[in-house]
Amino acid sequence: MNDLTPPTREERSAKLKGLGTSRKRVEDARFTQGKGNYVDDIKLPGMLHGDFVRSPYGHARIKSVNIDAAMALPGVIAVLQAKDLEPLSLHWMPTLAGDKQMVLADGKVLFQGQEVAFVVAEDRYIAADAVELVEVEYEELPVVVDPFKALAPDAPVLREDLEAGADGAHGPRRHHNHIFLWEEGDKAATEQVIDSAEVVAEEMICYQRVHPCPLETCGSVASMDKVNGKLTLYGTFQAPHVVRTVASLLSGIEEHNIRVVSPDIGGGFGNKVGVYPGYVCSIVASIVTGRPVKFIEDRMDNLMTTAFARDYWMKGRISATKDGKITALHAHVTADHGAFDACADPTKFPAGFFHICTGSYDIPVAYCGVDGVYTNKAPGGVAYRCSFRVTEAAYFIERMIEVLAMELNMDAAELRRINFIKKDQFPYHSALGWEYDSGDYHTAWDKALEAVDYAGLRKEQAARVEAFKRGETRKLLGIGLCHFTEIVGAGPVKNCDILGMGMFDSCEIRIHPTGSAIARLGTISQGQGHATTFAQILATEIGIPADSITIEEGDTDTAPYGLGTYGSRSTPVAGAATAMAGRKIRAKAQMIAAYLLEVHDDDVEFDVDRFVVKGAPERFKTMAEIAYASYNQAIPGVEPGLEAVSYYDPPNMTYPFGAYVCVMEIDVDTGTHEVRQFYALDDCGTRINPMVIEGQVHGGLTEALAIAMGQEIAYDEMGNVKTGTLMDFFLPTAVETPHYTTDFTETPSPHHPIGAKGVGESPNVGGVPAFSNAVHDAFRAFGLRQSNMPHDHWRIWKIANDLGLHD
Amino acid sequence: MIPAAFEYHRPSDVAGALSLLSTHGDDARVLAGGHSLIPMMKLRMASVEHLVDLQDVAELKGISVADGHVTLGAMVTQHSLIESAELAEAAPIVREAALQIADPQVRYMGTVGGNVANGDPGNDMPGLMQCLDARFTLQGPNGSREVAARAYYEAAYFTARADDEILTQISFAVPVGGYAYEKQKRKVGDYATAACGVVLAKEGALCTSASVAMTNLADVPVWSEAAGAALVGTDCGPEAVKTAVAAAVADIDPAEDNRGPVAFKRHVAGIIIGRAISRAWSRA
């Protein structure tokens, strides 16, 4: 071979690094060398720093605020209170869930850590000193941290701003601390089936309050240029375009005069979807002072006040025939939303997509109802590495299956198998209204069970139980099973919007004359690797190497409008937009190629990185040649240049699924555990970059481990946060993280342009039940039905203690 | 998480540090590795106007093993304890315990002196030093004195050290026989749910001496004289261990926290103590 040998088709294809290639992440060079540019790296001339005076109480009336001493401290520019924001109508702000939230305490505080006053100073040290000098007189009020007690007739009124008896954003409120009742499915039919069923299992399952805890906390830098009237807002935003629209609506500044920039983001996991008081205060402070103002949370601010996740109390009833065919599912959730309903869900879904709770199973009739409740806790309710309330739903059904298996005295793997939706039932219409696009659960399940030698594990487990009973060991073996179905990629504009903005997404492509390209999207990576994977989608679609394609996101002045990155929606929606925009490029390129080759448009066909004349492959024009021609030749009937834009409104959600098995050793005496094996099979449809997928699965499983085995935002009866630092809030290190084995099947989405479904959140959705079921399964032989997470040492010890295993 | 303003001092010898302490009185605190004091200052739970950093005090940094005694300078880091070959030879239990403190980044900065001096019940070295019957040297304006580790701790963060004294040195006899430092924690970097250090000696088939001390199971480290006594003269078999564990557990007074309630801690303490004794015996 010499340099003149033309590359083979395979070589040309490999050079693109397109779909299916484990292309190294292009972002990593700067992240691993400390060259990222995060919001706290942004330093503007004359920039001021803001810090909050926060409430030490869970519920209190504010009698007075004295800022004199703080204002007297040299370097303090301003101390903002609610009364200062009121003339601008910014002392309260709307939430994504149709409620409103105090920006600064307006007469009372409703949770510990709530923002009371915003100090603005020359540097953050002075600001922190000034916070200490603001004197606030509080009158403590009765605290409610239990959502069930919050609904007692004589419970204290938390939200005095809401008119008693008036409807909320999602219909009637039946109590002063009630937010909504949201229902789906046929309640009467479900109850009728359950009441006459052969077997019924009933259980209350709590998914505790946790926090996404991204490594980078939230923050913003607002810069109001009073000369040209333009506001620039840098921040940790998972949805920069939505932030711009909200900022415009709140401030009255026209949208074209607001530029929102999400720089590099150090993890989001849902925590950075919402709009926080710090963002609003930094904007107002910049408008007031005419100088840029930075606000950066510390770790405790982040854990105690920004959006939590979960806090769902899920009461389930599931019925089946004697031989294990499920006949109905009934779910009722008491949802603790904290002091304000600031859930980040599509507007019409106050409980997100919780009604995916029939899971992977063909359940003929079902009902779910969710009651939202106010308590004296921080607001939030975000999708922590999951689509909206999908982790709660998956945990609920995967626990209910285990409980039902006990009721039936049946193997839980077999119970799942006989109830899975069958391959030929797709597209499948669930009893709660979803249309599952595709799936092949039996194949995935059998592959998983075979990979771990499930039958062998059950034999080993039975032998272990016998050895334990004979006093030969103090360790039990748990086999945690999970088959989950996600619903991601929100979503069709006809039923998904955020504050009225349809949840489409977008991509805009420009091909440069010499054959490289830039693509801008409406999403924003927080570590997912968009710059790597979206370039791969395009490489395959338009035949330009991924290495020659720049992906840019996060600047609303340049990127097309999109709804952002969360709920595994980037690949299903923006990835689809990318492919569709690529196809527009290709269509124009075909016309140009035909002109250059002097044949009819239909006589050329796309071949990896070129258009070739059908039947004469030696006659071709490469994409680079076509790009150049588009800029330097007058082609009749074709505009110069090679650009395209696509706004993609997906016809349906996507439904990734997976089969996970966790094998866990549990020390009955100390409550400690060791994950001996974790097998994770994911089916995310078409696989864009296997290495990025593996990284996503490892990360999501580790967050699942954290949630199942230790993570909790806990409050005491006084409303004090007991887990406000990383000493007590469990964030696993490499030492606590087990080894994972990843695997896959590939069932492409029939409606997605490239068949991809999204994967970033699957391992969290499926991982939590797998870890938790392993703990439960270890004690199944001794009669354990349900023990709430987190399964930290003392709670596992308590399971054993309650079962008499320490006697 | 930003501390109030403070003056930073960096003396180069103990005399200079003591002089700063006497000049500034209650407003001054010495800083060793900073892993307890700095977070307290950042949380504004400790207000220190004059911080006296001991990093440059070379005389506080040595490890020596001579004449059957181990001497540790107060500014020896946990990392140095782990790295020292002669210490690993003379008192391997110190290395075993130090490896269970936090993570490498913390151990590069954290010091043995800071760990024992502060009186934080979560620290591992106080219990270990009680187990080893170590003596602490305190230098003050009027010279130096020694205090036994077993007499140093009065209550959480209250110790025998006067405000104008600096804990400069730790010494103990080279332990003989078997040893173990056993610790249960929720994750790397956490304080112990329960931890126990044991050293014991064996002649023939019987235990001739034993020392048992525990970490984070009361507001001070707990050395259980009764537990040690229960092992001496026995073969450290199941019955003897059971008796010793019962004696040790009788001496602790754990408090409920996020690690769990008292009943859990007492139970786990018993398991950890039993494991420490058995492992020490297996090495004796």
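A. Up close: the domain arrangement of chain A. Residue and element names in this part refer to chain A. For chain A, the assigned domains are domain 1 (9-36 + 505-648), domain 2 (39-141 + 217-265 + 272-305) and domain 3 (309-490 + 653-802). The straight-line distance from the C-alpha centre of domain 1 to that of domain 2 is 40 Å. Contact residues are listed per partner, giving 21 residues for domain 1 and 20 residues for domain 2. When domain 1 packs against domain 2, close to 1,500 Å² is buried across both sides, 50% of that on carbon and sulfur atoms. In terms of surface lost to domain 2, no three residues of domain 1 exceed Gln526, Thr556 and Tyr561, which account for 37% of the buried area on that side. For the pair domain 1 and domain 2, the number of links is 4 salt bridges.

B. A look at the domain arrangement of chain B. Residues and elements named next belong to chain B. Domains assigned within chain B are domain 1 (7-53), domain 2 (59-173) and domain 3 (178-283). Summarising the inter-unit geometry, the C-alpha centres of domain 1 and domain 2 are found 19 Å apart. Tallying the contact residues gives 12 residues for domain 1 and 18 residues for domain 2. Between domain 1 and domain 2 the total buried area reaches about 1,200 Å² when both faces are included, carbon and sulfur atoms providing 65% of it.

C. Structural context of a nonpolar patch on the surface. All names here are of chain B. Together, Met1, Leu43 and Met45 give the surface a local cluster of nonpolar side chains, amounting to about 290 Å² of exposed area. Among the structural elements, Met1 can be located in the segment before β1 (7-9). For Met1, a relative accessible area of 39% corresponds to the partly exposed category.

D. Summary view of the sheet that holds strand β13 (residues 206-215) of chain B. Residues and elements named next belong to chain B. Pairing in this open sheet of 4 strands is antiparallel, and the strands run β11-β12-β13-β14 from one edge to the other. Strands with a single pairing partner mark the edges of an open sheet, and in this sheet they are β11 (178-184) and β14 (222-223). Bridge count between β11 and strand β12 (residues 194-203): 7 bridges; the pairing is antiparallel. By the bridge assignment, Ala180 is partnered in β12 with Val198. Where helix α8 (residues 124-131) meets the sheet, it contacts β11, β12, β13 and β14, and its direction lies at approximately 155° from that of β13.

Calculation criteria
- Residues numbered from 1 in each chain as written.
- Chains lettered and ligands numbered in written order.
- Predicted model: local features only at pLDDT ≥ 70, side-chain atom pairs only at ≥ 80, totals over all residues.
- Heavy atoms only, no water.
- Domains from an automatic or database assignment.
- Contact = heavy atoms within 4.5 Å.
- Buried area = accessible area lost by both parts, 1.4 Å probe.
- Salt bridge = Lys/Arg side-chain N within 4 Å of Asp/Glu carboxyl O.
- Patch = residues over 30% accessible without salt bridge, like charges linked within 9 Å, V, L, I, M, F, W, Y side chains within 5 Å.
- Areas by Shrake-Rupley, 256 points an atom, 1.4 Å probe, with all protein chains shown as cover.
- Helix = DSSP H or I, 4+ residues; strand = E, 2+ residues; numbered from the N terminus.
- Buried < 20%, exposed > 50% of the residue type's maximum accessible area, 1.4 Å probe, protein only.
- Pairing = 2+ DSSP bridges.
- Axes fitted to C-alpha atoms, helices over the stretch in contact; angles between N-to-C directions.

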